[in-house]
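Commentary on secondary and tertiary structure
This is what each chain is made of:
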Amino acid sequence: MMKAIIKFLTIALCLALATLYSCKKDYSSDFEFDDNYIAIVDELNDSYRECISPKDAVVYPEPWTQEVAATFTIPQATIENMSTCGLIQTFLNHPSAILGPWCSYCSGGDGIIYFNSKITLNPVPAELLTRDDAFDLLLLRYINMMDELLKENDPEEINTWLADNIAMILASDNIRLSLTKQQAEKLLVVSLKISDRFEKKWGGFLNANTHIMVSALISLQYEAFLNDPCFASGSLKTYLWGYRICSENPGLIVKYVRDYLNANL
């Protein structure tokens, strides 16, 4: 009798282990919109292979002091003749590049208004957003930056500062006004993929990345999202760090993105 019980328990344990390992997920490849994401990346890489190190980007003087900042300007003719890739890199090269939508040294206020005004008043991103290829090149740069960050294994080595700047241009009111439906859906797929990877690796969401999702959902006029109680006052609540929902309930944003993509892709 005892031998039969031991045999039964052994078989049961083996079956349980087999089930466990056969059902274990490979989180590197279970993104439900991976085909769409891969198609976006392949299309961008085929079209814009030479954008990472443009030769016409402006290098700012060092050291960057208040005196230098007060007198240094890039001639408008130089800005207008610069390649789109050069404009992106010039924006990133600035020693005090916009970090948005928040203002790290402000005492309060509306971070969304602050960031959008900085984009409008800065001649480099203002010129950038007049270019037909700006969206694709910004998106490609953002994807490449995030791929590099995700190679890190030490949380203390993760610095999203430059990628945040690209993300917030992609999320800005300035670019949303020109988005096509296809571009907005690309933003949803890419930002959801990045969110999925970061959450699984680091256990959290990226604030700037969730701002991209919000902007794209608004651009698409996704009724389920626009009818959510978070829009009770007619618009999303904002504070110094941008849209409050991006910090307070990023999981809800991710849910709406998945719902939209499942219904429309």
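In this report, we go over the structure that sits alongside the text. Along each chain, the written sequence defines residue order, and numbers are assigned to residues from 1. Totals for whole chains, interfaces and linings use every residue, but because this is a predicted model, local features are given only for residues with pLDDT of at least 70 and side-chain atom pairs only at 80 or more, for both listing and counting. Heavy atoms throughout the structure, all of them, feed into the side-chain values; hydrogens and water do not.

Focus on the packing of helix α12 (residues 207-219) against helix α15 (residues 250-264)
One way to put it is that α12 packs onto α15 with a least axis distance of 10 Å and a crossing angle of 45°. It follows from the interaxial angle that α12 and α15 lie oblique. α15 is crossed by α12, and the crossing has left-handed handedness. Counting all contacts with α12, which are made through Thr210, Met213, Val214 and Leu217, the residues of α15 involved are Pro250, Ile253, Val254, Tyr256, Val257 and Tyr260. Gly falls in the polar group here, along with every residue not listed as nonpolar (Ala, Val, Leu, Ile, Met, Phe, Trp, Tyr, Cys, Pro) or charged (Asp, Glu, Lys, Arg). Classifying every residue of the contact of α12 with α15 gives nine nonpolar, one polar and no charged. Axis geometry follows a simple rule: fit a line to the C-alpha atoms, using only the stretch in contact for helices, then measure angles between N-to-C directions, giving values from 0 to 180 degrees. Working definition: helices are DSSP H or I runs of at least four residues, strands are E runs of at least two. Numbering for both runs from the N terminus. When describing relative orientation, an angle under 35 degrees is termed roughly parallel and one over 145 degrees roughly antiparallel, while 65 to 115 degrees is termed roughly perpendicular and anything else oblique. Crossing handedness follows the turn of the near helix against the far one: under a right angle anticlockwise gives a left-handed crossing, and clockwise gives a right-handed one. Note on contacts: a residue pair qualifies if any of its non-hydrogen atoms lie within 4.5 Å across the two residues.

What to know about the packing of aromatic side chains
Any Phe, Tyr or Trp ring, taking Trp's six-membered ring, that has another such ring centre within 6.5 Å forms a pair; planes under 30 degrees apart are called stacked, those over 60 apart edge-to-face, and the others tilted. As enumerated under the stated definition, the model contains eight aromatic pairs in all. Considering the side-chain rings of Phe31 and Phe33, the 5.9 Å spacing of their centres and the 75° angle between planes classify their relative orientation as edge-to-face. Across the pair, Phe33 and Phe31 agree in class, each one buried. Consider the rings of Phe225 and Phe231, whose centres lie 5.1 Å apart with planes at 90°: the pair is edge-to-face. Note on accessibility: Phe225 and Phe231 belong to one class, buried. Members of the aromatic cluster, joined through ring pairs, are Tyr222, Phe225, Phe231, Tyr256 and Tyr260. Seen from the ring of Tyr239, Arg244 lies directly overhead, with NZ or CZ sitting 4.3 Å from the centre. Whether a charge lies above a ring is judged from NZ of Lys or CZ of Arg, which has to be within 6 Å of the ring centre and within 35 degrees of the ring normal. Over the ring of Tyr256 we find Lys255; its NZ or CZ atom is 5.2 Å from the centre of that ring. Exposure categories follow from relative accessible area, calculated using a 1.4 Å probe and restricted to protein chains: below 20% of the type maximum is buried, above 50% is exposed, and the middle band is partly exposed.

As for helix α5 (residues 84-93)
Within α5, nine of the ten residues are buried, leaving the element largely enclosed by the surrounding structure. Buried within α5 we find Thr84, Cys85, Gly86, Leu87, Ile88, Gln89, Thr90, Phe91 and Leu92. Those residues of α5 hidden inside the fold are in contact with α4 (76-81), α7 (123-128), α8 (134-149) and α9 (161-171).

As for the state of the cysteines
Put plainly, a disulfide is one covalent bond tying together the sulfur atoms of two cysteines. In this description, a disulfide is simply a cysteine sulfur pair whose atoms lie within 2.5 Å. All told, the structure shown has zero disulfides when counted by the stated rule. In this model Cys230 remains outside any disulfide bridge; the closest cysteine sulfur is found in Cys246, 9.8 Å from its own.

Section: the environment of Leu187
With respect to the secondary-structure elements, Leu187 resides in helix α11 (residues 181-202). The spatial distance from the C-alpha of Leu187 to the C-alpha of Leu217 is 9.4 Å, given a sequence separation of 30 residues. Residues within four places of Leu187 in sequence aside, it is in contact with Phe135, Leu139, Leu170, Leu179, Ile212 and Ala216.

Scope: geometric values only; no functional claims are made or implied.
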